[in-house]
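# Reading the structure
Here is what each chain is made of, one letter per residue.
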Amino acid sequence: MERPVDWDSGAIVAVDQTVLPAELRHLRLTTVDEVVDAIRRLVVRGAPVIGVTGAFGVAIAARQHEEPGGRLDQAAVRRDAQRIVDSRPTAVNLRWAVERVLTRLPDGADGVLAEAHTVLAEDERANRTAARRAADVLRDECPDRPLRVLTHCNSGALATMGGGTAFGAIRELAGDGRLEEAIATETRPLLQGARLTVWELHRAGLPHRLCVDSAAPAAMAAGLVDAVVVGADRIAANGDTANKIGTYGLACAAAHNRIPFVVVAPQSTVDADTLSGADIPIEERDADEVVRLAGADTTVPGTRAYNPAFDVTPAGLITAIVTEQQVWRP
Ligand code: MRU
């Protein structure tokens, strides 16, 4: 698949992840307002991809605040950068990438843009390596057979550069005949698994089926799952891991059924400044996402909803956290 976000002549070109799988549509983002809106609305989503989008968003801000002679109004760029960081609070990759390109402000708009391209290229390499290493971990954990691997949300080529983290590990297993079946959870409330992961699995020609979210623990108990592999939005210093809402429940069920539970992410998702899961800010999203679906009411109009985008899986439930740099068994 082509990149989910890329840079083209002063604009971010992004796959619109809100309309898949019905339509493969690209959007051009040319202002900071458009970048913030795209991240908020999940047009671009997945921790690594919102990091790269944020980095290019700062490049847009830098160009817009360029003064005659090429100097930047650095305060103005920093204000825009903060708006981008604030657009989604949980995935640390966004803050990490934005802070990284801001270090190039003294080099002008070209320097900021060059750094954003470097962030993208590094993310591609990091995720490919992490995915390969995670596949090795899965082969070691379950050495004797082709695997039935359950994954949650979407951690594929739409969510990351380089083809995916957890999804990348599944693709690696398929590459040497070690994948029997990928099991994609629906991923409520926005169906990232049903809409995006299944679309990617279908396009890649990998054997798969869709699992009703609330059936995943039962599938594990019934012996239909050999391993669970997921991405991450922020990994705290102690290994507690934030990922899409529902991940914690899957980890509990995996532990109860003695099934390996593997987290795959680039090292930029590990946040040494966040000591434990209790310190990870969890984004709570609008009730409209759950009280309405595809334009129709799903419940009594006006119903209040609890709609956190992420939960935290305690380190003790995780078999291994795999990045391009380490296999960490917290
Ligand atoms: O709300 P989303 O769709 O951005 O949530 C994404 C996830 O939780 C992914 O699992 C995570 O970002 C890892 S993507 C490699």
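Please read these numbers as outputs of a predicted model, since none were measured by experiment. (Residues numbered from 1 in each chain as written. Predicted model: local features only at pLDDT ≥ 70, side-chain atom pairs only at ≥ 80, totals over all residues. Heavy atoms only, no water.)

This part takes up the pairing of strand β5 (residues 179-185). Across the 7 residues of β5, 6 count as buried, placing the element largely inside the fold. The pairing of strand β4 (residues 147-151) with β5 spans 5 bridges and is parallel. Of the residues in β5, the one forming a bridge with threonine 151 is alanine 184. Taken together, β4, helix α6 (residues 166-175) and β5 constitute a β-α-β crossover, and its handedness is right-handed. The β-α-β motif built from β5, the intervening helix α7 (residues 192-204) and the parallel element strand β6 (residues 208-211) has right-handed crossover chirality. (Buried < 20%, exposed > 50% of the residue type's maximum accessible area, 1.4 Å probe, protein only. Helix = DSSP H or I, 4+ residues; strand = E, 2+ residues; numbered from the N terminus. Pairing = 2+ DSSP bridges. Right-handed = clockwise from strand over helix to strand, strands pointing away.)

Our next topic: the domain arrangement of the protein chain. The domains assigned to the protein chain are domain 1 (5-123) and domain 2 (131-328). Contact residues are listed per partner, giving 27 residues for domain 1 and 28 residues for domain 2. Inspection of the region where domain 1 meets domain 2 yields 2 salt bridges. Of the charged contacts, one joins arginine 88 and glutamate 283 as a salt bridge, the two residues approaching to 2.8 Å between their closest N and O atoms. Our count for the contact surface shared by domain 1 and domain 2 stands at 16 residue pairs in polar contact (both at pLDDT 80 or more). Mapped onto the side of domain 1 that touches domain 2, the elements with two or more residues apiece are α2 (47-64), α4 (92-102) and α5 (108-141). Partitioning the side of domain 1 that touches domain 2 into residue classes produces 16 nonpolar, 5 polar and 6 charged. (Domains from an automatic or database assignment. Contact = heavy atoms within 4.5 Å. Salt bridge = Lys/Arg side-chain N within 4 Å of Asp/Glu carboxyl O. Polar contact = N/O pair within 3.5 Å; in protein donor to acceptor, adjacent residues only side chain to side chain. Nonpolar A, V, L, I, M, F, W, Y, C, P; charged D, E, K, R; others polar.)

Our focus in this paragraph is the side chain of threonine 160. In this fold, threonine 160 is placed in the loop between β4 and α6. Sequence-distant contacts of threonine 160, that is, excluding residues within four places in its chain, are made with Pro4, Pro48, Val49, Asp123, Asn127, Ser155 and Thr165.

Close to the ligand lie 18 residues, the nearest being Arg45, Arg88, Asp233, Asn243 and Lys244. Here asparagine 243 contributes a side-chain N or O atom positioned 2.7 Å from an oxygen atom of the ligand. Contact distances for the ligand include 2.8 Å between an oxygen atom and a side-chain N or O atom of lysine 244. Relative to its unbound accessible surface of 410 Å², the ligand loses 99% to contact with the protein. Sorting the residues of the shell around the ligand by element identifies α2 and β9 (241-244) as the ones contributing at least two each. (Near = heavy atom within 4 Å. Areas by Shrake-Rupley, 256 points an atom, 1.4 Å probe, with all protein chains shown as cover.)

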